[in-house]
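Survey of secondary and tertiary structure
Each chain is listed here by its residues.
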Amino acid sequence: MKIAALWHRMLLVVLLGGASLAAGADEPRWNSPARLVDSFVEVALHSAYSTRQNPVRKWIVPLRYFIVHGVGDEELHRRLIRVHFLHLAEITGLAIQPAGSETAANFLIVLTSEDRLELDMPRYFGNGSAHQRAALYRDSLCLASFAIERKKGSIVRAVAMIPVDRARGNGDLVSCVVEELTHAMGLPNDSPKVFPSIFSRKSTQAFLTGLDHLLLSLLYDPRVKPGMDEKTVRPILQTIAAEYQRDKRFDSAEKIAAESGLAGLDR
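What about the overall build of the protein?
Secondary structure assignment for the protein yields 11 helices and 6 strands. Here the protein holds 267 residues, and the buried ones make up 50% of them. Restricting the contact set of the protein to residue pairs at least 6 apart, pairs at least 24 apart contribute 70%. Approximately 12,600 Å² of the protein is accessible, and the part contributed by carbon and sulfur atoms is 53%.

Some remarks on helix α7 (residues 173–183)
Among the 11 residues in α7, 11 count as buried, and that is most of the element. Turning to α7, its buried residues are Leu173, Val174, Ser175, Cys176, Val177, Val178, Glu179, Glu180, Leu181, Thr182 and His183.

Structural notes on the side chain of asparagine 189
Of note, asparagine 189 is situated in the loop between α7 and α8 (210–219). Taking the relative accessible area as the measure of exposure, asparagine 189 reaches 6% and is therefore buried. Of the polar contacts made by the side chain of asparagine 189, one reaches the backbone oxygen of glutamate 42; its length is 3.0 Å.

A few points about the packing of helix α2 (residues 33–44) against helix α9 (residues 230–246)
Two elements in contact, α2 and α9, have axes separated by 9 Å at closest approach and are oriented at 140°. Classified by the interaxial angle, the pair formed by α2 and α9 is oblique. Like other packed secondary-structure pairs, α2 and α9 cross with a definite hand, here right-handed. On α9, the residues that touch Pro33, Leu36, Val37, Asp38, Phe40 and Val41 of α2 are Glu230, Arg234, Leu237, Gln238, Ala241, Ala242, Tyr244 and Gln245. Of the residues belonging to the contact of α2 with α9, the class tally is 9 nonpolar, 2 polar and 3 charged.

Thoughts on the packing of α8 against α9
Relative to each other, α8 and α9 sit at 130°, their axes nearing to 11 Å. The orientation of α8 relative to α9 falls into the category oblique. As for the relative orientation of α8 and α9, their crossing is right-handed in sense. Taken together, the residues of α9 that come into contact with α8 (itself represented by Leu214, Ser217 and Leu218) are Leu237, Ile240, Ala241 and Tyr244. When grouped by side-chain class, the residues that make up the contact of α8 with α9 number 6 nonpolar, 1 polar and no charged.

Some remarks on the nonpolar core
Ranked by internal contacts, the top residues of the largest apolar core, which has 67 residues, are Phe85 and Phe107. At 8 residues, the largest contribution of residues to this core is made by helix α3 (residues 74–92). Within the second largest apolar cluster, 12 residues are counted, among which are Ala99, Met121, Tyr124 and Met161.

Overview of the pairing of strand β4 (residues 107–112)
On a regular strand, one side chain projects to one face of the sheet and the next to the other, so that they alternate. Among the 6 residues of β4, 6 are classified as buried, and the element is accordingly described as predominantly covered. Neither face of β4 is open: one carries Phe107, Ile109 and Leu111, the other Leu108, Val110 and Thr112, and all of them are buried. Pairing of strand β2 (residues 63–69) with β4 involves 5 bridges; the strand directions are parallel. Paired with phenylalanine 66 across the bridge in β4 is leucine 108.

Here we look at the side chain of serine 39
When you line up the elements, serine 39 lands in helix α2. Setting aside residues up to four positions removed in sequence, serine 39 forms contacts with Lys193, Val194, Leu211 and Leu215.

Side note on the pattern of salt bridges
Per the stated rule, a full pass over the model turns up 11 salt bridges. A salt bridge links aspartate 247 to arginine 246, with the shortest nitrogen-to-oxygen separation between them at 3.6 Å. Residue class for aspartate 247 comes out partly exposed when judged on its relative accessible area of 48%. One network of salt bridges, with partners in common, ties together Asp38, Glu230 and Arg234.

Criteria and thresholds
- Residues numbered from 1 in each chain as written.
- Predicted model: local features only at pLDDT ≥ 70, side-chain atom pairs only at ≥ 80, totals over all residues.
- Heavy atoms only, no water.
- Helix = DSSP H or I, 4+ residues; strand = E, 2+ residues; numbered from the N terminus.
- Buried < 20%, exposed > 50% of the residue type's maximum accessible area, 1.4 Å probe, protein only.
- Contact = heavy atoms within 4.5 Å.
- Areas by Shrake-Rupley, 256 points an atom, 1.4 Å probe, with all protein chains shown as cover.
- Polar contact = N/O pair within 3.5 Å; in protein donor to acceptor, adjacent residues only side chain to side chain.
- Axes fitted to C-alpha atoms, helices over the stretch in contact; angles between N-to-C directions.
- Parallel < 35°, antiparallel > 145°, perpendicular 65-115°, else oblique.
- Left-handed = near helix turned anticlockwise from the far one by under 90°.
- Nonpolar A, V, L, I, M, F, W, Y, C, P; charged D, E, K, R; others polar.
- Core = buried A, V, L, I, M, F, W, Y, C linked by side-chain atoms within 4.5 Å.
- Pairing = 2+ DSSP bridges.
- Salt bridge = Lys/Arg side-chain N within 4 Å of Asp/Glu carboxyl O.

Set out below in structure tokens:
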């Protein structure tokens, strides 16, 4: 193995190793249809930047991503992002592929640094996103946002921004990649009511949990349509969650989560 490749492999193991220890710290307290449906409503229909309830939002077109590299270690970062997108594609059934250029992409992942935030934030998030800028400067390591087709709820564009030096300084580079890319699939909210999950700030999860797997599966079930409000979608969610219970997907979800995606690389 070449020295450069060995270095990247060793660094990936270090990054994933610390996250893996945290991932086993919480016991699942979520495995019932009612709790799964309530968790979905909490993370899919609410937002950290708004008090109003939103409709279902999801991708219905192929996702084409482009990585904007403003920092070093491109090979490592590319691998982390590629592996997690492959994982998301496997769960959701969505076609996810790299784009050949920034203009050809509908999902940008901006890898930046602390000293470039004032320049990169307005460039990629626009001048009107004051709440997002304040959140990133104040208490967030990283950030994602998506735009939807008006009145339809389908996601048409997304941006994730990760200040790599800040994330690495906190030991959270892997969890930033996992959380923000997953948020942009249509699960934008963080809530302490959803546990154990990457969407809960009281949780120490770095990888997708069994709950996160099933939340993504719910969202991308063909019966769940973009634009549905809670009254319309809740009975559909209850039907699907009952099917998960009958098929014993609650029992197998944690094991599948621990063996898949970036979590599986640490095994």
